[in-house]
Amino acid sequence: MSSTIEEDFELELRSLPGVVNVGIVHSGDGDGDVESVVLTIRNHDPEVVRESAIQVASLYYPDAAVILEETRTTRADRGRVAPAARIALEVAEFNEDDGISEVRLSFAGSVGVGRAGSGPLIGGAEATLDALRDLGNVIPFYLMGVTKVDTMIGCSVIVALRSLAANDDRMGIALAHDDLLAAAKATLDALNRYLAMDPGRQQEAGGGVSQHQVE
């Protein structure tokens, strides 16, 4: 079973831009110290990610090696098709007077707006889901929880989404410099993996076909 420090370490690595998966390798029979971490990255400069990961590792496990693996955009490699347009987070605002969170997203010239109460954390995640649907996305998930976690290098916000139709729950994480902004980014982080699936796997998860990706 992983320790609390190791869980914090993994969360910090998952919050780095471009990191889509984290694997931790232990010495001995798997119950020793952390020997190395394997980061799967997408659409980011490997050297920039490596430098950031080494800085995080130095705070938790200074002797751990950092290994990077890059995912490939198969469609672009085979067909040389330009990458799909990406969903961008434009605005995340909280109105203290009425307690409403508002999130604005853009995609291919369209703008989606979502609003929700419940404060900047839960409201930020709910508003982001609302904005995604306003853009025409079918999102077969509901918000299960939003958690703010203290770690060695700051606070992170974790958003958990539960699948409506399959055992395909999603989790996203973002550094919490601002509660609403972090909740919005963490929600997009969780859904980016779903939106990046091939259409067949999206339908298995219970949603419609979408070519949207998040930046």
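For the structure given in this document, a descriptive report is provided here. As the structure is a prediction and not an experimental result, all values here were calculated from the model.

It is worth spelling out the sheet that holds strand 3 (residues 65-70) at this point. If you trace the 3 strands from one edge of the open sheet to the other, you get 1-2-3, paired in mixed fashion. Sheet topology places strand 1 (19-26) and strand 3 at the edges, where each strand pairs with a single neighbour. Strand-to-strand twist of the sheet, defined as the mean angle between neighbouring strand axes without regard to direction, takes the value 20°. Bridge count between strand 2 (residues 34-41) and strand 3: 6 bridges; the pairing is parallel.

In this structure, strand 4 (residues 86-95) lies alongside strand 5 (residues 100-107), joined through 7 bridges in antiparallel fashion. In the strand pairing of strand 5, Phe-94 is matched with Ser-101. Counted between consecutive antiparallel strands, the loop separating strand 4 from strand 5 contains 4 residues, among which Gly-99 sits at a positive phi close to 70°.

Time to look at the packing of helix 1 (residues 4-14) against helix 2 (residues 46-60). Interhelical geometry of helix 1 versus helix 2 gives an angle of 170° and a closest axis separation of 10 Å. By the angle between their axes, helix 1 is roughly antiparallel relative to helix 2. Along this stretch, helix 1 crosses helix 2, giving a crossing that reads as right-handed. Along its contact with helix 1, which presents Ile-5, Asp-8, Phe-9, Glu-12 and Leu-13, the element helix 2 presents Ala-53, Val-56, Ala-57 and Tyr-60. For the contact of helix 1 with helix 2, the class distribution of residues is 7 nonpolar, no polar and 2 charged.

What counts, and where the lines are drawn
Positions within a chain are numbered from 1, following the residues in the order the chain's sequence is written. Side-chain atom pairs in this predicted model are given and counted only at pLDDT of 80 or more, local residue features only at pLDDT of at least 70, and totals for whole chains, interfaces and linings cover all residues. As a rule here, side-chain values cover all heavy atoms of the structure and leave hydrogens and water aside. Strand pairing is assigned whenever DSSP detects at least two bridges linking the two strands. Helix and strand definitions here come from DSSP, where helices need a minimum of 4 consecutive H or I residues and strands a minimum of 2 consecutive E residues; each element is numbered from the N-terminal end. To obtain an axis, a line is fitted to C-alpha atoms, over the contacting stretch when the element is a helix, and the angle between two such axes runs from 0 to 180 degrees between their N-to-C directions. If an angle is under 35 degrees, it is roughly parallel; if it is over 145, roughly antiparallel; if it lies from 65 to 115, roughly perpendicular; otherwise it is oblique. Should the near helix be turned anticlockwise from the far one by less than a right angle, the crossing is left-handed, and should it be turned clockwise, the crossing is right-handed. Contacts were defined at the residue level, with two residues in contact if any of their heavy atoms lie within 4.5 Å. Note that Gly is not counted as nonpolar here; it falls among the polar residues with everything else outside the nonpolar set of Ala, Val, Leu, Ile, Met, Phe, Trp, Tyr, Cys and Pro and the charged set of Asp, Glu, Lys and Arg.

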